[in-house]
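Here is how the chains run, residue by residue.
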Amino acid sequence: MQALLNQSSNNLLKKTSAIGCQRGLASMTEAIKERIRLPSMLEKVTYDADEVTQHVFNDMRMGWSGFTGVGYPKVVPEMMAQMVEKKNLKGKFGISLVIGASAGASTHNRLAQLDMLKFQAPFQNAKDVKTCINTGKTNFADTHLSKFPMDLLYGYYALDKKVDPEWPLDVGVLEASAITEDGMIIPTASVGSSNIIAKVAKKLIIEINTAEPSFEGMHDIETENPPNCGPLMIRNVGDRIGTKGIKCDLNKIVAIVESTTPDKTPKNSKPDAKSQAIADHIIDFFNSEVKAGRMPNSLYPLQSGIGNVANAVVSGLVNSPYEHVTVFTEVLQDSFLDFFDKGKLDHASATSIRLSPDGFKRFYNNKDSYAPKITLRSQHISNSPELIRRLGVIAMNTPVEFDIYGHVNSTCVMGTRMINGVGGSGDFLRNSKYSIVHGPACRKSKNDKFGISTVVPMVTHCDHPEHDLDVLVTDVGLADIRGLAPRQRVNKIIDNCAHPVYRPILHEYYDLAYDACLKRKAAHEPQLLDKAFKMTLNLQKNGTMRIDNWN
């Protein structure tokens, strides 16, 4: 994947020697001329890497477009990486980088490999970036994706900024499908925080991606100006309240480059038996809620994370009796195309379309059919607590672990090793009508045939407290904990969600904790601080969570 990206980027960079610093129509491809419909912007097109990288400097604050590995810049980051290599600046040139969520892994890893990331926010999903975070090379500010754009707008990520402190970002790099006659920037497969980056960056560099069909007409861009702004006037998933593109001060644009590299997304893998079992439990739960009259036949708007379980749930719904379903989520995956094709999905709202390579081919081949049923919004709108609560969303997300009371860890293995970030899970789980977390009862382990228990006495890191959760699901069952006190939840969670081999261990822990805390008159949510992490510590020391006793 890295080789393909470098090859495409190098092809563009090679034009520098032939063109030099030329600008103007003679040096442009026909494709980019068609995409830039404002004549004055054509003057800013360049293929010269030096002309672009003159705007970057050590310790700068930079913002990128992108969300879940689509809609991110490909050419400018490679120009920066080659500059660092050419000038032997590895370890001497670093930036503070913010992205709506995550860029493509190969692009993001390229900077990490050159030690160019001093700071990163608010999310990431690239192996080498994670390594930099967990080895102390990169400071990572993990935060809710609805909150991040507003904090960026407030200037919270530039409180210690010395150069041009009135601008939270020095440079924003945005991938775009087009620039319209009236100067609006049309995003590609994601919006993320692009509109906020355009507003708070002193300079902008635009990458026009001519390798992909234009996404023009699919976006609804609304830039709030909080605090004291009005309500978001969205009452239905398909409602639009903004513009089709990003409005910005065009004088900020210092360069426009052409990108001929499509988004690099992974292939889909088929749901395994555990994922399918989880999906079956969730669909059975939906059936019971509809039968009880608590949920309509069209369900409520769905939010689903990324991965096999999410795809399995949506695939299961494709073959269910539910019709006129809607989606209000962050990311659309391949299974939603099946939902559309069946005629059961009326409309989907998201901030990103992250399809597999085959999924994108299918989408582009049938774009005229899919596009009118999809609205791509800014992430502070797609993840807005106000809208999630108003629409009554059903949220479904995957944890690292959860405990016997319903606290959830979504980010840190063993409490300290960062995986990706909290992402939008907190936005949805706290505010949805139905807040569901799902994962396998046990995860694979090299040392224990039963695996690592997802259900623990106490989570090693808490992203979502017990107040926010309604339903916990594993491949062995489902625990409906709505309206229950902490002690009432314990048996439901252990008996319905924990692997059978871990149930007696967890029950014994609770009995010990309850007796000890009752004696101290502190039994609301019994825990033994000297024993709560014994299963985890035993895993760290002996490779298994199956302890012999709690002594």
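So, here is what we can say about the structure in this document.

Parameters at a glance
Residues numbered from 1 in each chain as written. Predicted model: local features only at pLDDT ≥ 70, side-chain atom pairs only at ≥ 80, totals over all residues. Heavy atoms only, no water. Buried < 20%, exposed > 50% of the residue type's maximum accessible area, 1.4 Å probe, protein only. Helix = DSSP H or I, 4+ residues; strand = E, 2+ residues; numbered from the N terminus. Pairing = 2+ DSSP bridges. Right-handed = clockwise from strand over helix to strand, strands pointing away. Core = buried A, V, L, I, M, F, W, Y, C linked by side-chain atoms within 4.5 Å. Contact = heavy atoms within 4.5 Å. Axes fitted to C-alpha atoms, helices over the stretch in contact; angles between N-to-C directions. Salt bridge = Lys/Arg side-chain N within 4 Å of Asp/Glu carboxyl O.

Below, the discussion takes up the pairing of strand 2 (residues 95–99). Side-chain positions along a regular strand alternate between the two faces of the sheet. Burial within strand 2 is extensive, with five of its five residues counted as buried. Both faces of strand 2 are covered, namely the face carrying I95, L97 and I99 and the face carrying S96 and V98. In the sheet, strand 1 (residues 61–64) pairs with strand 2 via four bridges, with the strands oriented parallel. Directly across from G63, in strand 2, lies its bridge partner V98. Following the backbone out of strand 1, through helix 5 (residues 75–86) and into the adjacent parallel strand 2, one traces a crossover that is right-handed. Sheet topology note: the strand 2/strand 3 (residues 117–121) ladder contains four bridges and is parallel. Bridge assignment links V98 to a residue of strand 3, and that residue is A121. In this fold, the crossover linking strand 2 to strand 3 by way of helix 6 (residues 105–113) has right-handed handedness.

For the rest of this paragraph, the subject is the nonpolar core. F286, L302 and I353 are the most contacted members of the largest nonpolar core, which has 78 residues in total. Ranked by residue count, the leading element in this core is helix 10 (residues 273–291), at seven residues. Aside from chain neighbours lying at most four places away, what touches L302 is F286, L317, V325, T326, V327, F328, T329, F339, V393, I394 and M396. One finds L391, V408, M458 and I505 within the second-largest nonpolar core, a separate group that totals 44 residues.

What follows deals with unusual backbone geometry. The omega torsion of the bond from A121 to P122 falls at -10°, within 30 degrees of zero and hence cis. As for its position among the elements, P122 is in the loop between strand 3 and helix 7 (127–134). A positive phi angle is found at D164, which is not glycine, with a value near 45°. Relative to the helices and strands, D164 resides in the loop between helix 8 (147–154) and strand 5 (169–176). Look at M414: it is not a glycine, yet its phi comes out positive at around 60°. With respect to the helices and strands, M414 occurs in the loop between strand 20 (412–413) and strand 21 (417–418).

What follows is about the sheet that holds strand 4 (residues 139–140). The seven strands are arranged 4-3-2-1-5-8-10 in an open sheet whose pairing can be described as parallel. Each end of this open sheet is capped by a strand with a single partner; those strands are strand 4 and strand 10 (253–259). Relative to strand 5, strand 1 runs parallel, the two being bridged by three bridges. What sits directly across from M62, in strand 5, is V171. Of the strands in this sheet, strand 1, strand 2, strand 5, strand 8 (201–209) and strand 10 touch helix 5, which is tilted by about 100° from strand 10.

Attention now goes to the pattern of salt bridges. One side chain can pair with another of opposite charge once the charged atoms of both are near each other. Within this structure, the stated rule accounts for 24 salt bridges. When the shortest N-O distance is used, the salt bridge between K161 and D170 registers 2.9 Å. Both residues of the pair, K161 and D170, count as buried. Between K202 and D164 there is a salt bridge, and its shortest N-O distance comes to 2.8 Å. Residue K202 is located in strand 8, and its partner D164 is located in the loop between helix 8 and strand 5; the two are separated by 38 residues in the primary sequence. Residue class for K202 comes out partly exposed when judged on its relative accessible area of 32%. The network of salt bridges with shared partners includes R37, E181, E216 and K244.

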